[in-house]
Amino acid sequence: MNRRLENVTCCGCGLLCDDILLEISTQGASISNACSRGREFLTTLIENTSISANPNSDEKLKTARQWLKESKSPLMCSLQGISLEMQAECIRFAQKEQMILSTGKDSELTFAYQKYGGSGCSFGELRHRCDLLICFNFDPFTQWCRFSERFLEPAGRFIKSRNDRKVIYIGSSKHLENSEAFDEVVLLDDKNQLNTLVQTRLSLQSDIEQPASTESQKLCQIFRGQVAKSQYPILLQGSAEFGVATQLTQLLMEINKTMRLHRIAAGSGIHTGSPQETILAMTGFPDHVAFRNDGIEYDPQRYCAKRLIEHEEVDCVIVVGETDFEDLWQSSSARIIRITNQPTTNLHTSSRMLELHWNQYEGTQLRCDGVPIPVKDIAEESATLPLKTLLQSLMC
């Protein structure tokens, strides 16, 4: 049966482009308006809709239930790359089964999240107002293939063309792939990023014209000079270790006492908002919780997923969605239940590892600037298995 689907949302990266056209027939699928990464994602998604609405064997489900029943210290982790509704279902499941719940974020990042919060403006403001874009440890031209097409090149309400904007890269060379796309590049040595930001802050506070290092001099010229002259500067902040992220946030706060520098938190993967925000809304704590008979225990130092797995303090781990814990699994003795909406993964099947699938995508996704984007399934409802249904089948 031939189908034409307009305004499909692509979840291949943090932009969540919602102008995709799909034409699906028995001969294949035609995908319009998507970048290379989006085509790859959507092709996989279309293949996934051909999977049976019951992709998990009774034997696998029985084994998973038995593992959970026998577990003395179960952990649910990740919750990355899934919709807000799916995050909520996972939290309810973890609470009912009295599990430890940890997204996998370091406790230091949780503290930073609690203190400083998330993004401060939207892509709409970037398109219509931003005349100075500072990218820290993030290359949007590579990670978000349609970024320039959608937000820099089009004329905005107050910006006429790409020539009216300046885009600067600051950070490590390992995060920079397309240096030619930037108007200015300031490379910082990985080992000296923290010290450079500390020097820059001190120089800006004391109004020192010549900081100690060349890198700090360049940063001062940008943050003291170019930001001050800009009408609507935005900082696009990529990943950084805790100390660097803290210094950058403090620098941002200090700049905003006399000027204005907006911020958007960036990332390369699928973005559906921070699972920590959903956990906070449902439990009162942002992450690292243990559900008990007598309530909820919060301990960001103890209930950190990575530490729990490394120290063999959990005996059964349910991993939902995207994860970067594969290396830990190989050395852990815990039983691993991987729950994914991808047709196949690189999970090494063994007597203590199994993989379960769901294949429904419908829900609310959050773009990495915080804007909610509705996503509809491209498959018929009868051909989908919701995550909620899968979790219900695992309840002991």
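Up top is the structure.
Described below are features of the structure shown in this document. Being a predicted model, the structure only gives us computed values, none of them experimental.

**A look at the overall build of the protein chain**
When you go through the protein chain residue by residue, the secondary structure sums to 14 helices and 17 strands. Each of the 396 residues in the protein chain was classed as buried or not, and the buried ones make up 52%. Across the protein chain, every contact between residues at least 6 apart in sequence was considered, and the portion connecting residues at least 24 apart equals 65%. Summed over all atoms, the accessible surface of the protein chain reaches about 18,500 Å², with 46% contributed by carbon and sulfur.

**Remarks on the pairing of strand β13 (residues 316–321)**
Burial of β13 is extensive: 6 of the 6 residues sit out of reach of the surface. One ladder, built from 6 bridges, connects strand β4 (residues 74–80) with β13; its direction is parallel. Bridge pairing in β13 links C77 to V319. Relative to strand β14 (residues 335–340), β13 is paired through 5 bridges, and the arrangement is parallel. Residue pairing for β14: V320 is matched across the bridge by I339.

**A look at the sheet that holds strand β8 (residues 184–187)**
Taking strand neighbours across the sheet as the criterion, the 5 strands line up as β8-β7-β6-β9-β10 in an open arrangement whose pairing is parallel. Strand pairing shows two members of the sheet lacking a second neighbour, β8 and β10 (262–265), which therefore form its edges. Neighbour to neighbour, the strand axes of the sheet diverge by 20° on average, direction disregarded. In terms of strand pairing, strand β6 (residues 132–136) meets strand β7 (residues 166–171) through 5 bridges, oriented parallel. Bridging from a neighbouring strand, F136 pairs with I170 of β7. Running over the sheet, helix α10 (residues 242–255) touches β6, β9 (233–237) and β10 and is turned about 170° from β9.

**A short note on the packing of helix α3 (residues 84–96) against helix α14 (residues 387–394)**
In a pair of packed helices, the angle between the axes and the distance between the axes together describe the arrangement. Packing of α3 against α14 leaves a shortest axis separation of 10 Å and a crossing angle of 10°. Relative to α14, the element α3 is oriented roughly parallel. Within the contact between the two elements, α3 uses M86, E89, C90 and F93 and α14 uses L387, K388, L391 and L394. Counted by class, the contact of α3 with α14 contains 6 nonpolar, no polar and 2 charged residues.

**Comments concerning unusual backbone geometry**
Phi angles above zero are rare outside glycine, and N7 is one such case at about 55°. Among the secondary structure elements, N7 is positioned in strand β1 (residues 3–8). On the basis of relative accessible area, N7 is assigned to the exposed category, the value being 58%.

Definitions and cut-offs
Residues numbered from 1 in each chain as written. Predicted model: local features only at pLDDT ≥ 70, side-chain atom pairs only at ≥ 80, totals over all residues. Heavy atoms only, no water. Helix = DSSP H or I, 4+ residues; strand = E, 2+ residues; numbered from the N terminus. Buried < 20%, exposed > 50% of the residue type's maximum accessible area, 1.4 Å probe, protein only. Contact = heavy atoms within 4.5 Å. Areas by Shrake-Rupley, 256 points an atom, 1.4 Å probe, with all protein chains shown as cover. Pairing = 2+ DSSP bridges. Axes fitted to C-alpha atoms, helices over the stretch in contact; angles between N-to-C directions. Parallel < 35°, antiparallel > 145°, perpendicular 65-115°, else oblique. Nonpolar A, V, L, I, M, F, W, Y, C, P; charged D, E, K, R; others polar.

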